[in-house]
Amino acid sequence: MSAKLKVGIVGGTGMVGQRFVDLLNGHPWFEVTAISASANSAGKTYEESVQGRWKLTAPIPEGVKHIVVQDASQVEAFASQVDFIFCAVDMKKNEIQALEEAYAKTGTPVVSNNSAHRWTADVPMVIPEINPGHLEVIEAQRKRLGTSTGFIAVKPNCSIQSYVPALHALREFGPTQVVASTYQAISGAGKNFTDWPDMLDNVIPYIGGEEEKSEQEPLRIWGSVENNQIVKASAPLITTQCIRVPVTDGHLATVFVNFENKPSKEQILERWLQFKGRPQELALPSAPKQFITYFEEENRPQTKLDRDIERGMGVSTGRLREDSMYDYKFVGLSHNTLRGAAGGAVLIAELLKAEGYIQPK
Ligand SMILES: NC(=O)c1ccc[n+]([C@@H]2O[C@H](COP(=O)([O-])OP(=O)(O)OC[C@H]3O[C@@H](n4cnc5c(N)ncnc54)[C@H](OP(=O)(O)O)[C@@H]3O)[C@@H](O)[C@H]2O)c1
């Protein structure tokens with residue numbers, strides 16, 4: 001068997017970084033060999049740097065405990081130790097853009113959880129089951145950055161996985177209007193109940209910037225490649241409300257949708273059941289076997305019971321019924337830090353490796 005690719009995690013001490021560390025523990029293709037974060041963490045072992053702020057129930061993997069955390073701003077030195085990086089940092093947008101481009105220019109592929117490059121025209125923003133074809137803009141991006149091997153690929157906002165896959169499976173019927181309200185877990189803000197006691201017994205009807213992302217990013221995912229750039233789709237029209245609710249993990253969405261050609265309920269259920277994408281065809285290690293699972297029970301999917309479906313990489317739907325104002329309404333659910341964050345990025349990296357974009361240096 002060939003050696004595993006060496007992976008660096010930039011922002012490895014944060015909430016998403018910890019998920020990367022956990023998900024990559026025992027990964028068949030990738031091995032975490034280097035971790036970086038802010039200058040505050042640099043020089044400490046990984047175990048020391050996350051002491052008192054390890055957010056997962058699984059313990060810190062033995063293999064990373066003694067890795068000495070590096071300063072993420074030492075780009076050349078860090079990049080020289082790895083084949084590619086995952087990036088999940090809490091910094092200003094322009095700083096993240098510059099940092100990710102600096103890594104890419106060293107010839108290092110960057111798979112990012114950050115939103116900074118989601119609208120850069122030659123950076124693919126990918127849900128691997130939906131728009132793997134957008135990877136073709138990488139060649140143009142490499143030319144712009146002056147590298148033959150480095151590039152940036154990003155994953156979209158965590159909220160949209162709760163309704164976009166279900167709508168995507170119905171694209172042949174031409175969705176024209178979508179109303180989605182998302183009920184989002186506190187881990188989406190990098191928090192748990194210890195960090196954010198005000199969320200106990202509470203709902204906050206505002207998540208900064210989230211509604212714009214939830215309305216616009218699906219159109220980029222459904223966009224086309226024209227002249228080596230992604231051009232966003234013009235339909236459907238999407239409006240959203242994004243609400244923070246007192247759950248640890250899992251974003252749930254209630255969705256209303258109109259179609260150009262209204263499908264039957266049976267057609268919708270059949271399309272959801274049958275939907276497969278490139279990750280399933282390639283049998284990528286993190287790909288869910290069943291991407292969309294429909295629950296017949298009228299009180300499902302539930303966040304607590306169903307967010308971990310397919311190891312947190314599947315999405316679930318339920319309560320599909322005709323509506324008095326729209327053609328249909330339904331409920332969707334996805335795990336925000338697995339499918340919606342680190343897991344989604346690991347799946348993108350697996351796709352990039354399988355398609356030849358990430359190779360050993
Ligand atoms: N939480 C989610 O569900 C979620 C979902 C999708 C996307 N995201 C995105 O992922 C990114 C990280 O989110 P998070 O929730 O993991 O944040 P977080 O828990 O606050 O972690 C932030 C990470 O960034 C590092 N960092 C901060 N300032 C830095 C600097 N100047 N240079 C280098 N590293 C620096 C931190 O290092 P220290 O430990 O040394 O401070 C830490 O590793 C954000 O862009 C966020 O929008 C989060």
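Criteria and thresholds
Residues numbered from 1 in each chain as written. Predicted model: local features only at pLDDT ≥ 70, side-chain atom pairs only at ≥ 80, totals over all residues. Heavy atoms only, no water. UniProt positions renumbered as here; feature names shortened; annotations may be inferred. Helix = DSSP H or I, 4+ residues; strand = E, 2+ residues; numbered from the N terminus. Rg over C-alpha atoms; globule rule 2.2 N^0.38 Å. Buried < 20%, exposed > 50% of the residue type's maximum accessible area, 1.4 Å probe, protein only. Areas by Shrake-Rupley, 256 points an atom, 1.4 Å probe, with all protein chains shown as cover. Core = buried A, V, L, I, M, F, W, Y, C linked by side-chain atoms within 4.5 Å. Domains from an automatic or database assignment. Contact = heavy atoms within 4.5 Å. Phe/Tyr/Trp six-rings, centres within 6.5 Å; stacked < 30°, edge-to-face > 60°. Lys NZ or Arg CZ within 6 Å of the ring centre and 35° of its normal.

Per an unreviewed UniProt entry, the chain carries the name Aspartate-semialdehyde dehydrogenase and comes from Paenibacillus tundrae. Of the chain, the UniProt comment under Sequence similarities (unreviewed entry) reads exactly: "Belongs to the aspartate-semialdehyde dehydrogenase family."

This part covers the overall build of the chain. Within the chain one finds twelve helices and 14 strands. Over its C-alpha trace the chain gives a radius of gyration of 20 Å, about what one expects of a compact globule, namely 21 Å for 361 residues. For the chain, the spread of C-alpha atoms along the three principal axes comes to 60 × 50 × 40 Å. Within the chain, buried positions represent 56% of all 361 residues. A total of about 15,200 Å² of accessible surface is found on the chain, and carbon and sulfur atoms cover 48% of it.

One finds Val10, Tyr103, Tyr163, Trp272 and Phe330 to be the most contacted residues of the largest nonpolar core, which totals 52 residues. Three or more residues apiece are contributed to this core by two domains, here domain 1 (5–155 + 342–354) and domain 2 (159–334). Dropping the residues within four chain positions of it, Trp272 is found in contact with Ala166, Ala169, Leu170, Gln290, Ile292, Tyr294, Thr317, Leu320 and Phe330. In terms of nonpolar packing, the next biggest core, distinct from the first, is built from 39 residues, Val50, Leu56, Val111 and Val346 among them.

Taken as a whole and judged by the stated rule, the model has 13 aromatic pairs. Judged by centre distance (6.1 Å) and plane angle (85 degrees), the ring pair of Phe78 and Tyr103 falls under edge-to-face. In this pair, Phe78 is assigned in helix α4 (residues 75–79) and Tyr103 in helix α5 (residues 93–105), connecting sequence segments 25 residues apart. The class of Tyr103 is buried, set by a relative accessible area of 0%. Put simply, the rings of Phe20, Trp29, Phe30, Phe84 and Phe86 pair up and form one aromatic cluster. Directly above the aromatic system of Trp119 lies the positively charged group of Arg220, at a separation of 5.8 Å from the ring centroid. The ring centre of Tyr328 lies 5.4 Å from the NZ or CZ of Lys262, which sits over that ring.

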